[in-house]
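Structural characterization, general
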Amino acid sequence: MTEEIRALVFIFVIVTVPIYMFMRYAAQVGYKHYAQKWIAAWVLTTLLAFLSPNFWVYAVFLSIGLLYFTQKNPIMKISLFFVLIPSLPAATVQIPGFGLINYLFYIGHHHVLIIVLLLPLMLKKSRGINKNKAMNILVIAFFLLITSIDLRDTSFTDTLRQGTMLAITMLIPFFVIRKSIERIEDLQTIMLAAIFGILLQATIGIAETLKGWHLYYAAVDSLGIDWGFGGYMSRNNLLRASAALGHPIILGYISAIGLGLFLNFYPKEQKKLRPMFWIGVAAFVGGLVATLSRGPWVGAAAMVLVFILTGQKAVGKIAKLSMAGFLALAVLSVSPAGQSFIELIPFVSSDEESHAVSTISYRQQLLEQSWIVIQQNPLLGSANYRDTPEMESMRQGEGIIDIVNSYLQITLNSGLIGLGLFLLIFIIPLIRLYKLQSILKKTVRFKSLIVINRTILSTIIGIMVTIFTVSGIGVIQIYYWSILGLACAFLKLARIEVLQHITSAGNHDPDTQT
């Protein structure tokens with residue numbers, strides 16, 4: 001039995017339990033029809049990934065399957081995009097230029113999903129009010145800035161190529177998700193789809209660490225795609241899980257997002273579903289822990305903290321959470337394995353030679369050296385920032401200069417103008433969500449909207465914290481553009497709900513009758 005087949009069988013054994021429990025949960029909350037298709041599509045995608053002789057066969061049959069599952073249902077298209085985006089690494093293969101140019105583009109699994117599922121929706125005319133014009137302008141301005149500054153160190157042809165790929169991974173997910181969701185119910189469906197896709201990878205990640213085996217390496221090799229990463233990464237003699245994401249920190253990042261979104265589905269009324277909910281939470285936390293990536297741990301903690309602070313009885317809940325945390329640390333501290341894990345927690349270990357301390361020191365030094373470089377070209381950055389003596393001093397033993405900070409990466413490349421645009425794209429939805437929260441609290445009928453608002457608000461904040469510790473590798477950028485699209489869609493729909501409520505209240509007010 002080849003390694004691909006052994007890994008495929010092992011994966012299907014691993015996901016049997018989470019799929020079964022998710023199916024039960026989905027049936028109870030009214031998503032059985034969608035869940036059945038999500039599961040079937042994921043199984044098909046995984047089979048194709050491990051059994052296809054090359055990427056092109058995989059891409060053709062995947063496209064046919066996606067068209068069959070989605071047909072003309074836009075919500076199914078978007079939900080399947082979220083289910084399948086983490087099901088294979090964001091690795092790519094070159095499309096040849098057929099003798100005219102060196103090559104056309106690099107294409108990967110994530111590009112196929114966006115082109116087949118989302119691109120057709122991009123061309124459809126949106127309905128309803130649109131109050132997100134500022135966001136639209138900022139996103140397009142950021143895209144044009146990033147694309148145009150590429151001309152500094154490359155040809156027009158290559159700039160066009162890179163701009164096209166950026167449009168696929170940035171503009172299409174953001175604008176399609178923003179404009180295609182027309183009901184709150186559809187938004188919740190898409191959130192649940194994202195949760196399902198991440199849940200499976202978090203579960204696989206736990207198994208990878210326990211087994212000490214990266215399950216998707218064989219599939220990537222057989223497809224002939226290049227993901228830019230390689231080798232087994234470990235900390236404290238434990239394998240850092242990556243599942244189908246290609247790198248541990250990407251799995252940690254999406255596990256944090258899955259946990260943040262899952263908070264929306266706490267079964268307050270259906271108490272019999274609570275055990276399944278907490279098992280789901282445990283799976284996401286387990287996926288986070290299995291990556292041994294501290295940045296996503298901090299991001300996930302920020303998500304949970306913000307979610308609690310924006311809800312009722314926040315002080316009591318934080319006190320309980322703190323007590324549970326201290327109890328867990330106390331239990332872990334009594335065993336050597338537990339003490340080894342505690343040393344991985346940021347800012348806990350004081351040993352200067354420990355890996356936890358060394359990586360924090362590297363990040364601090366990176367900030368200091370990057371600021372010196374930024375001051376040399378503050379407005380629009382520099383294409384050659386890696387060639388400076390300051391950045392050369394950051395070269396690691398692997399021979400790379402690892403810019404483990406998305407904000408620094410953007411600032412070094414596009415200056416403070418680029419950073420300003422990027423931050424505004426996050427800050428504007430956060431401000432609007434925060435203001436909306438106070439409006440929704442005034443009316444009992446908006447109880448479910450309040451929870452969604454808190455969920456999206458806390459998830460975006462958690463993403464902002466996490467990307468401070470990682471550059472935009474893999475699907476990291478696709479996820480935050482997609483979540484920002486969800487935020488804009490929710491703001492639009494919530495505004496409609498509030499206006500309808502005001503109109504309805506006005507019509508029933510005796511003082512307004514003629």
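Residues numbered from 1 in each chain as written. Predicted model: local features only at pLDDT ≥ 70, side-chain atom pairs only at ≥ 80, totals over all residues. Heavy atoms only, no water.

Some words on helix 12 (residues 294-309)
- Taking 1.5 Å as the rise per residue, helix 12 with 16 residues should run 22 Å; its terminal C-alpha atoms sit 22 Å apart, in good agreement.
- With 12 of its 16 residues buried, helix 12 lies for the most part within the structure.
- By the burial criterion, the buried members of helix 12 are Arg294, Gly295, Pro296, Trp297, Gly299, Ala300, Ala302, Met303, Val304, Val306, Phe307 and Ile308. (Helix = DSSP H or I, 4+ residues; strand = E, 2+ residues; numbered from the N terminus. Expected span 1.5 Å × (residues − 1). Buried < 20%, exposed > 50% of the residue type's maximum accessible area, 1.4 Å probe, protein only.)

Points about helix 7 (residues 156-180)
- Between the first and last C-alpha of helix 7 there are 33 Å, a value that for 25 residues agrees with the 36 Å anticipated at 1.5 Å per step.
- Among the 25 residues in helix 7, 20 count as buried, and that is most of the element.

Regarding a positive patch on the surface
- Residues Lys268, Lys313, Lys317, Lys320 and Lys447 make up a contiguous surface patch of positive charge.
- Turning to its location among the elements, Lys317 is positioned in helix 13 (residues 314-332).
- Since its relative accessible area comes to 42%, Lys317 is described here as partly exposed. (Patch = residues over 30% accessible without salt bridge, like charges linked within 9 Å, V, L, I, M, F, W, Y side chains within 5 Å. Areas by Shrake-Rupley, 256 points an atom, 1.4 Å probe, with all protein chains shown as cover. Salt bridge = Lys/Arg side-chain N within 4 Å of Asp/Glu carboxyl O. Lys, Arg positive; Asp, Glu negative; His and termini not counted. Charge placed at Lys NZ, Arg CZ, Asp CG, Glu CD.)

Let's talk about the pattern of salt bridges
- Scanning the entire structure with this criterion turns up 3 salt bridges.
- Note that Arg161 and Asp158 form a salt bridge whose closest N and O atoms lie 2.8 Å from each other. Pair noted here: Arg161 and Asp158 are both in helix 7, with a separation of 3 residues, about one helical turn. Here Arg161 and Asp158 have matching classes, each one buried.
- Across the pair Glu392 and Arg395 runs a salt bridge whose closest N-O atoms are separated by 2.7 Å.

Quick word on the packing of aromatic side chains
- By the definition in use, this model includes 27 aromatic pairs.
- Judged by centre distance (5.4 Å) and plane angle (55 degrees), the ring pair of Phe50 and Tyr216 falls under tilted. Separated by 166 residues along the polypeptide, Phe50 in helix 2 (residues 32-51) and Tyr216 in the loop between helix 8 (184-211) and helix 9 (217-223) bring together distant segments of the chain. Tyr216 matches Phe50 in its accessibility class, with the two residues each being buried.
- Ring-pair connections join several aromatic residues into one group, and the members of that group are Phe142, Tyr407, Phe422, Phe426, Phe468, Tyr480 and Trp481.
- Over the aromatic face of Phe10 sits the side chain of Lys211, whose NZ or CZ is 5.8 Å from the ring centroid.
- The ring centre of Phe307 lies 3.9 Å from the NZ or CZ of Arg454, which sits over that ring. (Phe/Tyr/Trp six-rings, centres within 6.5 Å; stacked < 30°, edge-to-face > 60°. Lys NZ or Arg CZ within 6 Å of the ring centre and 35° of its normal.)

Everything listed is a geometric property; what it means functionally is a separate question.
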